[in-house]
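Reading the structure
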Amino acid sequence: MPSRLASILLLAGALAHTTTAHDSHVEQKRLPGTWYQPDDHPVHALFKRDGGASDGITYAPVGSPEWTAGYPPGAPDITQLPPAWLNALHAAEAAGKIPKIPVSTMVAGGEPTYDGFDPNKPEVCSATYQCRIQGDLWDGPPGTLALSFDDGPLPPSPALYDFLQSNGLHATHFFIGSNILQYPAIFSQALANGDDMAVHTWTHPYMTTKTNEELVGEFGWTMEIIHNSTGGRLPKYWRPPYGDSDMRTRAIAKEVFGLTTVIWNQDTDDWSLHEAGGTTLDKIATLMQTWLTGPKTPGLIILEHELMVDTVGAFIAAFPLMKSNGWNMVSLAQLDGGAAYQNADNSTSPVNPGQVADLSVQEPPSASGSSSAPSSKPTG
Ligand SMILES: *[C@@H]1O[C@H](CO)[C@@H](O)[C@H](O)[C@H]1NC(C)=O
Ligand SMILES: *[C@@H]1O[C@H](CO)[C@@H](O)[C@H](O)[C@H]1NC(C)=O
């Protein structure tokens, strides 16, 4: 009976998922009615397992004064973070889940360095130095081109959204939380197109230079604003600004917020257009030609930005080659056939309510306020 066998295998997979490292992308399947992370993951307590309006939970309208008032306008003040977020961090630290490596330091124009530690050694494994941590996403499946754009939402973004929509494409947007706060209408356009929302931190710092608490602020507010502005969808992916992540930053992303780290395997350097010594549109076109007509394995994860009219233009100019070379273009968040969110398949499918009855068992006493909302209004 193949269907029974299939359900046993599915169940076995789900059990394995709760008892092994959650690093493998092979394990990114979940049973209907569950969230991506296992029930005992802190992300359940931090972001209530609500199904949005169907559970009677309402969110302030995106762009309204109540919505704006909830978030820090600038760098998160770590003395104003919701206590539940810090409790989850401290529990993960106490459980030995957050590596005790130094915070990196940087001199202007340099790269992050670690006092007494080699950034290529497994205990640090800095993505800035191209060290790949198992479970982080660098490559796509063969033949696949993952569509993703960093740094929005910004004024050049709507031209990109119109182009994607008119070509029937969906992309993943690694959004900067404070840009969402500043450009709610542009955010709403991307969401209305059915594109996938992912985390690019609140203020776009070199994350390895930040303390554990500062990292919680950068992740937490971006998770919260996307969650509260998408009817309760919880992002599943984050991309570190400048590709700067290490064992510590990715552990906080994963162990506190349930996020998977995404890097890239080709870099357009499009952010440096119009900078002294920066790249040019011709150079980007030459790189695109090489990549798009080259081997189909691994699939391409190309770093691109919705930062300027010209970075959007560089993508639009390369699009005919993407098509003519037969690339399977999917949003990055759905590149391996999985869901774009921890609790929903995509921006238009229903939010999974999860097993709400579990909350009473799973919620730690420290989070008994049960809301991830700050107890007082944060200041920037
Ligand atoms: C997010 O939405 C929930 C549910 O309405 C609310 O309690 C919480 O305060 C909101 N968060 C922010 C930062 O506004
Ligand atoms: C969103 O997910 C649903 C299944 O939950 C699927 O039917 C639909 O095609 C998906 N939409 C996109 C744009 O991928």
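Conventions adopted
Residue positions are counted from 1 within each chain, in the order its sequence is given. Going through the entries in the order they are written, you letter the chains from A and number the ligands from 1. Per-residue local features are limited, in this predicted model, to residues with pLDDT of at least 70; the limit for side-chain atom pairs, both in listing and counting, is 80 or more; totals at the level of whole chains, interfaces and linings are taken over all residues. With hydrogens and water set aside, each side-chain value is computed from the structure's full complement of heavy atoms. Lines are fitted to the C-alpha atoms to define the axes, a helix being fitted only along its stretch in contact, and any angle between axes, read from their N-to-C directions, falls within 0 to 180 degrees. Secondary structure elements follow DSSP: runs of H or I no shorter than four residues count as helices, runs of E no shorter than two count as strands, and numbering proceeds from the N terminus. By definition in this entry, angles of less than 35 degrees are roughly parallel, angles greater than 145 are roughly antiparallel, angles of 65 to 115 are roughly perpendicular, and the rest are oblique. For a crossing to be left-handed, the near helix must be turned anticlockwise from the far one by less than a right angle; the clockwise case is right-handed. Contact criterion: two residues are considered in contact whenever any of their non-hydrogen atoms come within 4.5 Å of each other. Two cysteine sulfurs form what is called a disulfide whenever their separation falls within 2.5 Å. Any residue under 20% of the maximum accessible area for its type is buried, any over 50% is exposed, and the rest in between are partly exposed; the area is computed with a 1.4 Å probe on protein chains only. What counts as a ring pair is set by centres within 6.5 Å for rings of Phe, Tyr and Trp (its six-membered ring), and what kind of pair is set by the plane angle: stacked under 30 degrees, edge-to-face over 60, tilted for all other angles. Only when the NZ of Lys or the CZ of Arg is both within 6 Å of the ring centre and within 35 degrees of the ring normal is a charge said to sit over the ring. In the sections that follow, a salt bridge refers to a side-chain nitrogen of Lys or Arg positioned within 4 Å of a carboxyl oxygen of Asp or Glu.

Remarks on the packing of helix α4 (residues 83-94) against helix α8 (residues 212-229)
- Interhelical geometry of α4 versus α8 gives an angle of 130° and a closest axis separation of 10 Å. The orientation of α4 relative to α8 falls into the category oblique. α8 is crossed by α4, and the crossing has right-handed handedness. Contact with α4, carried on its side by W85, L86, L89, H90 and E93, involves N212, E213, V216, G220, W221 and E224 of α8 and no other residues of that element.

Considerations on the state of the cysteines
- Under the criterion given, the structure shown has one disulfide.
- Across a sulfur-sulfur distance of 2.0 Å, C125 and C131 are joined as a disulfide pair. Sign of the S-S torsion, about -95° for the bond between C125 and C131, identifies this disulfide as left-handed.
- Residue C125 is classed as buried on the basis of its relative accessible area, which comes to 5%.
- On the basis of relative accessible area, C131 is assigned to the buried category, the value being 13%.

Digging into the packing of aromatic side chains
- Applying the stated criterion across every chain yields a total of 13 aromatic pairs.
- Seen from their ring centres, F149 and F315 are 5.0 Å apart, and the 85° between their planes marks the pair as edge-to-face. With F149 in strand β1 (residues 144-150) and F315 in helix α11 (residues 309-324), this pair connects stretches of sequence that are 166 residues apart. For the pair F149 and F315, a shared accessibility class is recorded, and that class is buried.
- Ring geometry for F219 against W238: centres 4.7 Å apart, planes inclined by 90°, an arrangement best described as edge-to-face. You can see F219 sitting in helix α8 and its partner W238 sitting in strand β4 (residues 237-238), a full 19 residues away along the chain.
- F219 gets classed as buried once you look at its relative accessible area, which sits at 0%.
- Within the aromatic cluster, the residues linked to one another by ring pairs are W67, Y71, W85, W202, F219, W221, W238 and F257.
- The ring centre of Y36 lies 4.5 Å from the NZ or CZ of K236, which sits over that ring.
- In this arrangement the basic side chain of K296 is found over the ring face of W327, its NZ or CZ atom lying 5.0 Å from the centre.

Remarks on unusual backbone geometry
- For the bond running from G152 to P153, omega is -10°, close enough to zero to count as cis.
- Assignment of secondary structure puts P153 in the loop between β1 and α5 (157-166).
- T297 connects to P298 through a cis peptide bond whose omega is -5°.
- Position of P298 among the secondary structure elements: in the loop between α10 (281-292) and β7 (300-303).
- Despite not being glycine, C125 has its phi angle at roughly 45°, a positive value.
- Tracing the sequence through the fold places C125 in the loop between α4 and β1.
- In the Ramachandran plot, H204 falls in the positive-phi region, its phi being about 60° despite a non-glycine side chain.
- Within the fold, H204 resides in the loop between β3 (196-199) and α8.
- Exposure remark for H204: the relative accessible area of 17% places this residue in the buried category.

Points about the pattern of salt bridges
- Under the counting rule described, the total for this entry stands at five salt bridges.
- Notably, a salt bridge pairs R239 with D150, separated by 2.7 Å at the nearest N-O pair. Placement of the pair is R239 in the loop between β4 and α9 (247-257) and D150 in strand β1, with a sequence separation of 89 residues.
- What makes D150 buried here is its relative accessible area of 2%.

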